[in-house]
Amino acid sequence: MGSISHQDFQGEEEQSTEEDSQSYHGTGICKWFNVRMGFGFLSMNTREGEPLDAPVDVFVHQSKLHMEGFRSLKEGEAVEFTFKKSSKGLESVRVTGPGGVQCVGSEKRPKGKSTQKRRSKGDRCYNCGGLDHHAKECKLPPQPKKCHFCQSVAHMVANCPIKAQQSSSGSQGKPSPLKGEEEDQSHFPVPSETTD
């Protein structure tokens, strides 16, 4: 095995830097594309108009796709693209359909992202506590801040005595009482039972 001198390495580095700034033209198909992550690989068949012996993979990110709306590619979709060499391999710079038209894209969409916003059961307005809207949509003027644990306006959750009491009793191995029961005990006197 021969040794590589610093000059040889420096020459290769300058050459690769020069290649990085240069872009090339290719055509091929979409090998695969992950619509949730927004990236995939193209399978290049021709480079600068010359057919390749074997297809070459070229990285593609959704931001490089020429299309409107949700940007994605369909597996097997024919594409034209410009690409460059980078430290990680070949990366597309701009991807279009054949003849420079917009890409067709995949009919798949990421799961859980629909056009209509869905709210979980726990979503509520931080201003008034309503379940049908969020604080930015609240019609009421700003309300006093409350403890998220016991709803008291006297303190915040970090200083909540009920939460601290429940946490300390839970850490000693004792079962902690229900939140509602504890609230009743701390805010209202318990009437004593008398036997007749």
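Remember, it's a predicted structure, so these values are computed and weren't measured experimentally.

Draft legend 1. Looking closely at the environment of Met 156. Mapped onto the elements of the fold, Met 156 is located in the loop between β5 (89-96) and α2 (161-171). According to the relative accessible area criterion, Met 156 is partly exposed, its value standing at 35%. C-alpha separation for the pair Met 156 and Lys 145, spaced eleven residues apart in sequence, amounts to 7.7 Å. Those residues in contact with Met 156 that lie beyond four places of it in its chain are Lys 145, Lys 146 and Cys 147.

Draft legend 2. Region of the structure containing the UniProt feature "domain: CCHC-type" (unreviewed entry) in the protein. Under the UniProt annotation, the feature "domain: CCHC-type" (unreviewed entry) is placed at residues 124-139. Secondary structure over residues 124-139 splits into 0% helix and 0% strand, and the C-alpha atoms at its two ends are 14 Å apart.

Draft legend 3. Here's a closer look at the pairing of strand β2 (residues 39-47). Across eight bridges, strand β1 (residues 23-34) lies against β2 in antiparallel orientation. Across the sheet, the residue bridging to Phe 33 is Gly 40, located in β2. Across eight bridges, the pairing between β2 and strand β3 (residues 50-61) is antiparallel. The residue bridging Phe 41 from the neighbouring strand is Phe 59, located in β3. Between β2 and β3, which pair antiparallel and follow one another directly, the connecting turn spans two residues, one of which, Glu 48, has a positive phi of 55 degrees.

Draft legend 4. Just the side chain of Glu 77, in detail. Relative to the helices and strands, Glu 77 resides in the loop between β3 and β4 (78-86). The buried charged residue Glu 77 lacks any salt bridge, with Lys 74 as its nearest oppositely charged partner at 7.7 Å. Among the polar contacts made by the side chain of Glu 77, one reaches the main-chain amide nitrogen of Val 104 at a distance of 2.7 Å.

Draft legend 5. Examining the pattern of salt bridges more closely. Taken as a whole, this structure holds two salt bridges when the rule is applied. One salt bridge connects Asp 57 with Lys 31, and the closest N-O pair in it is separated by 3.0 Å. You can see Asp 57 sitting in strand β3 and its partner Lys 31 sitting in strand β1, a full 26 residues away along the chain. For the salt bridge of Glu 107 with Lys 74, the shortest nitrogen-to-oxygen distance reads 3.6 Å. Pair noted here: Glu 107 is in the loop between β5 and α2 and Lys 74 is in the loop between β3 and β4, with a separation of 33 residues, a long-range link.

Calculation criteria
- One numbering rule holds for all chains: residues counted from 1, following each sequence as written.
- With pLDDT at 70 or above as the cut-off, local features in this predicted model cover only qualifying residues; side-chain atom pairs require 80 or more to be listed or tallied, and sums for whole chains, interfaces and linings still use all residues.
- To obtain the side-chain values, all non-hydrogen atoms of the structure were used and water was disregarded.
- Each helix is a run of H or I in the DSSP string that is no shorter than four residues. Each strand is a run of E no shorter than two, and both are numbered from the N terminus.
- Summary of the burial criterion: residues with accessible area below 20% of their type's maximum are buried, those above 50% are exposed, and those between are partly exposed, where the area comes from a 1.4 Å probe applied to protein chains only.
- What makes two residues a contact is simply this: any of their non-hydrogen atoms within 4.5 Å.
- UniProt positions are given in the numbering used here, feature names are shortened, and annotations may be inferred rather than shown by experiment.
- Paired strands, as defined in this entry, are two strands with at least two bridges between them according to DSSP.
- Neither His nor the chain ends is counted toward charge; the positive residues are Lys and Arg and the negative residues Asp and Glu.
- Definition used for salt bridges: Asp or Glu carboxyl oxygen within 4 Å of a side-chain nitrogen of Lys or Arg.
- The definition of a polar contact used here is a pair of N or O atoms within 3.5 Å, where within protein one atom must be able to donate a hydrogen and the other to accept one, and adjacent residues in sequence count solely through side-chain atom pairs.

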